[in-house]
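Listed below are the residues making up each chain.
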Amino acid sequence: MNEKMTIYFNRRTGAVKEMCGGEQGYDWFGDEAEDFKQIFDFIVVDYDAYVVNNFFNFEVRDGELKLLRTNIPDKYL
């Protein structure tokens, strides 16, 4: 079985702001869903524990989850 996760990100900056297991939509935000639609977008990807534990090292660009190179020292690349 291929588990999924939903990643919510800032539409303007691409910064990852929220994650949850499975395939979700804006209903995840309950009564505030309409407000969050104005700021966030989301993508559904295969579950990845590394991303969950290091979400601050990722952003969404062109609809894809990308590693932020600026957060990783060159010696590890």
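Residues numbered from 1 in each chain as written. Predicted model: local features only at pLDDT ≥ 70, side-chain atom pairs only at ≥ 80, totals over all residues. Heavy atoms only, no water.

Participant: For this particular structure, what's the right way to read the pairing of strand β2 (residues 16-21)?
Facilitator: Each regular strand displays side chains that alternate between the two surfaces of the sheet. The pairing of strand β1 (residues 4-10) with β2 spans five bridges and is antiparallel. When the bridges of β2 are listed, Thr6 appears paired with Cys20. Between β1 and the antiparallel strand that follows it, β2, lie five residues; Gly14 among them carries a positive phi value of about 85°. (Pairing = 2+ DSSP bridges. Helix = DSSP H or I, 4+ residues; strand = E, 2+ residues; numbered from the N terminus.)

Participant: Looking at this structure, I do not really get the sheet that holds strand β3 (residues 40-46). What am I missing?
Facilitator: Note on sheets: strands pair through backbone hydrogen bonds, and any given pair is parallel or antiparallel. Taken in spatial order, the three strands of this open sheet run β2-β1-β3, and their pairing is antiparallel. In this open sheet, the two edge strands, each paired with only one partner strand, are β2 and β3. Averaged over all pairs of adjacent strands, the angle between their axes in this sheet comes to 25°, without regard to strand direction. (Axes fitted to C-alpha atoms, helices over the stretch in contact; angles between N-to-C directions.)

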